[in-house]
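Examining the three-dimensional arrangement
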Amino acid sequence: MKTANHKIADLLSTRKTEKRKSFAVLLDPDKVNFSTFPTFLEYAAGHGVDFFFVGGSLITNYAIDQLISAIHQNTNIPAILFPGSSLHIDPSADAILLLSLISGRNADLLIGQHVIAAPLLKQSGIEVLPTGYLLIESGRLTTVSYISNTIPLPRDKPGIVACTALAGEFLGLKNIFLDAGSGAQFPVTAETIAAVRQAVDTPIIVGGGIDSYEKADNALNAGADVIVVGNGIEQNPDLLPEIAACVKAFNRKSDKILGRL
Ligand SMILES: CC(C)=CCC/C(C)=C/CC/C(C)=C/CC/C(C)=C/COP(=O)(O)OP(=O)(O)O
Ligand SMILES: O=P(O)(O)OC[C@@H](O)CO
Ligand SMILES: [Mg+2]
């Protein structure tokens, strides 16, 4: 049995303390074109992507191991599992977002899948990132809402979202992930992110429908520590350098304010 490591958790918490933001690219194993993937990986690494999140609500091709191995061969960027179920665990990943879907009331996604996954996670020695996962209403029915059979939190009720995140933190969850769902029509609002930022001390991950510099900047200014982009980059690879530039600009600003330059 491998010994537990906390590399990614330590990185997230240091970056939060230093007010440095991170950029995660979501890779859907069903949508990756393996012949052009190495070129994409070099492109992502060249623009300073911090993390790859690997997963989907529903995966049909089971190429997760191939995808992670390509990431490791071509970059030093950590591959973090973002699983829709315990079937999506691959021990070769650098870490796993162990999501508990605390915005919903589906017991299987609050604790059921975790019981099934626990022995495999223990045996693999993979770094576990306990994460409160909150789905927020986003203007259209998303895959994750349908597959999880849960109703997202209302997008115009930051107070409920903040209380849910706070409950997650009190329960010991170490990260809060606010997700409007992949391909969301509207991203999580700045008001909601700011309310959660006030309520909890954990790193906050925000994703769903971030498809422009401005939307990324809004999320960062409101208090997101990590922003996740999937669909936007799948549809337009030029978005990757745009979001990377936004995160870098934010970090340069904090460096200046905090006298690190
Ligand atoms: C405990 C373990 C190992 C697994 C369960 C993890 C939980 C609770 C998951 C919550 C519900 C869920 C189905 C999450 C999946 C989130 C995800 C990876 C979304 C990525 O986007 P897609 O929903 O696949 O969107 P597309 O339709 O764009 O592919
Ligand atoms: O694909 P997008 O809309 O960028 O969403 C990313 C991620 O947060 C979905 O769970
Ligand atoms: Mg998917």
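Given the structure is predicted, the values throughout are model-derived calculations rather than measurements.

1. Examining the overall build of the protein chain
When you go through the protein chain residue by residue, the secondary structure sums to 10 helices and 8 strands. Relative to its length of 261 residues, the protein chain is compact, with a C-alpha radius of gyration of 17 Å against a globular reference of 18 Å. In terms of overall dimensions, the protein chain has C-alpha extents of about 45 × 40 × 35 Å along its principal axes. When contacts within the protein chain are restricted to residue pairs at least 6 apart in sequence, long-range pairs at least 24 apart make up 73% of them. Separation of charge centres in the protein chain, based on 21 positive and 25 negative side chains, amounts to 6 Å.

2. Things to note about the site of ligand 2
As a structural note, the neighbourhood of ligand 2 is formed by Leu-26, Phe-82, Asp-179, Gly-181, Ser-182, Gly-183, Gly-207, Gly-208, Gly-209, Val-229, Gly-230 and Asn-231. Within the side chain of Asp-179, a nitrogen or oxygen atom sits 2.5 Å from an oxygen atom of ligand 2. In isolation ligand 2 has 300 Å² of accessible area, and contact with the protein removes 96% of it. Tallied by class, residues from the shell around ligand 2 come to 3 nonpolar, 8 polar and 1 charged.

3. As for the UniProt feature "binding site: Mg(2+)" (unreviewed entry) in the protein chain
As recorded in UniProt, the sites labelled "binding site: Mg(2+)" (unreviewed entry) are Asp-28 and Ser-57. In summary, the annotated positions, though distributed over 30 residues, converge in three dimensions, the widest C-alpha pair being only 9.3 Å. Positionally, Asp-28 belongs in the loop between strand S1 (22-27) and helix H2 (37-46). Residue class for Asp-28 comes out buried when judged on its relative accessible area of 13%. Within the structure, Asp-28 has its side chain in polar contact with the backbone nitrogen of Asp-30 (distance 2.9 Å).

4. Quick look at the packing of helix H7 (residues 190-199) against helix H8 (residues 213-222)
Close contact between H7 and H8 brings their axes to 8 Å; oriented N to C, the two are set at 25°. Viewed along their axes, H7 and H8 adopt a mutual orientation that is roughly parallel. Crossing geometry of H7 relative to H8 is assigned as right-handed. Facing H7, whose interface residues are Ala-190, Ile-193, Ala-194 and Arg-197, H8 presents Asn-218, Ala-219 and Ala-222.

5. Points about the sheet that holds strand S7 (residues 204-207)
The strands making up a sheet associate through hydrogen bonds between their backbones, and the pairing can be parallel or antiparallel. Reading around the barrel, the 8 strands line up as S1-S2-S3-S4-S5-S6-S7-S8 and close back on themselves, with parallel pairing between neighbours. Neighbour-to-neighbour, the strand axes of this sheet turn through a mean angle of 30°, independent of strand direction. Bridge count for strand S4 (residues 95-100) against strand S5 (residues 127-135) is 6 bridges, and the pairing is parallel. Bridge pairing in S5 links Leu-97 to Leu-129. Contacts between helix H4 (residues 107-124) and the sheet are confined to S4 and S5, with S4 contributing the most and set at about 150° to the helix.

How each quantity is defined
Residues numbered from 1 in each chain as written. Chains lettered and ligands numbered in written order. Predicted model: local features only at pLDDT ≥ 70, side-chain atom pairs only at ≥ 80, totals over all residues. Heavy atoms only, no water. Helix = DSSP H or I, 4+ residues; strand = E, 2+ residues; numbered from the N terminus. Rg over C-alpha atoms; globule rule 2.2 N^0.38 Å. Contact = heavy atoms within 4.5 Å. Lys, Arg positive; Asp, Glu negative; His and termini not counted. Charge placed at Lys NZ, Arg CZ, Asp CG, Glu CD. Near = heavy atom within 4 Å. Polar contact = N/O pair within 3.5 Å; in protein donor to acceptor, adjacent residues only side chain to side chain. Areas by Shrake-Rupley, 256 points an atom, 1.4 Å probe, with all protein chains shown as cover. Nonpolar A, V, L, I, M, F, W, Y, C, P; charged D, E, K, R; others polar. UniProt positions renumbered as here; feature names shortened; annotations may be inferred. Buried < 20%, exposed > 50% of the residue type's maximum accessible area, 1.4 Å probe, protein only. Axes fitted to C-alpha atoms, helices over the stretch in contact; angles between N-to-C directions. Parallel < 35°, antiparallel > 145°, perpendicular 65-115°, else oblique. Left-handed = near helix turned anticlockwise from the far one by under 90°. Pairing = 2+ DSSP bridges.

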